[in-house]
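Chain by chain, the residues run as shown.
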Amino acid sequence: RHLPYFCRGEVVRGFGRGSKELGIPTANFSEQVVESFPSDISTGIYYGWACVGNGDVHKMVLSIGWNPYYKNVKKSVETHIIHTFKEDFYGEILSIVIIGYIRPEKNFDSLDALISAIQDDVEEANRKLDLPEHLKLKEDNFFHMPE
Ligand code: ADP
Ligand code: MG
């Protein structure tokens, strides 16, 4: 109902869940950005487009979940960009458009199960974002920030 949802904010340090070690780093938004989200948006996994600073626009998968760091009373919003970056980009401005929903949050029995679920999410995002109606949003003026 809230989609597509456009959002921009600084990338902050997460709570080191070790996503990077799994090969799936997630860029975390600051608390203020998370609080500006519609409070009734469903938790779960989404797909869309993302861009760092005024760089290229890439496919992404995003998770909206409960933040264990704040005893699960606050949400966290984390973006995994489907692109290999040379360097980390903490402190930079991340712009995203959230386009569609993939699945609810789940608990996994094993790390392998988690990783394979995320690989499925990435595949689904890849497929969906190639649809013409979604490719259109990649070119949205939202991503062309003024200098
Ligand atoms: P943290 O707990 O600090 O969020 P992560 O292990 O989730 O640590 O790694 C996230 C960081 O990795 C991002 O803030 C960003 O600087 C960097 N990074 C590098 N490549 C990517 C990518 N493809 N998608 C998201 N973040 C990336
Ligand atoms: Mg993270």
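In what follows, the accompanying structure is described.

### A look at the pattern of salt bridges
Any two side chains of opposite charge can pair, on the condition that their charged atoms come close. Under the criterion given, the structure shown has seven salt bridges. The partner of Glu31 in a salt bridge is Lys74, with the nearest N and O atoms 2.8 Å apart. Placement of Glu31 in helix 1 (residues 31-35) and of Lys74 in the loop between strand 4 (57-66) and strand 5 (75-81) is noted, with a sequence separation of 43 residues between them. On the basis of relative accessible area, Glu31 is assigned to the partly exposed category, the value being 33%. The partner of Lys59 in a salt bridge is Asp130, with the nearest N and O atoms 3.1 Å apart. With Lys59 in strand 4 and Asp130 in the loop between helix 2 (111-129) and helix 3 (132-138), the pair connects residues that are 71 residues apart, well separated along the chain. What you see here is one network of salt bridges that share partners, running through Glu31, Glu35 and Lys74.

About the thresholds
- Residues numbered from 1 in each chain as written.
- Chains lettered and ligands numbered in written order.
- Predicted model: local features only at pLDDT ≥ 70, side-chain atom pairs only at ≥ 80, totals over all residues.
- Heavy atoms only, no water.
- Salt bridge = Lys/Arg side-chain N within 4 Å of Asp/Glu carboxyl O.
- Helix = DSSP H or I, 4+ residues; strand = E, 2+ residues; numbered from the N terminus.
- Buried < 20%, exposed > 50% of the residue type's maximum accessible area, 1.4 Å probe, protein only.

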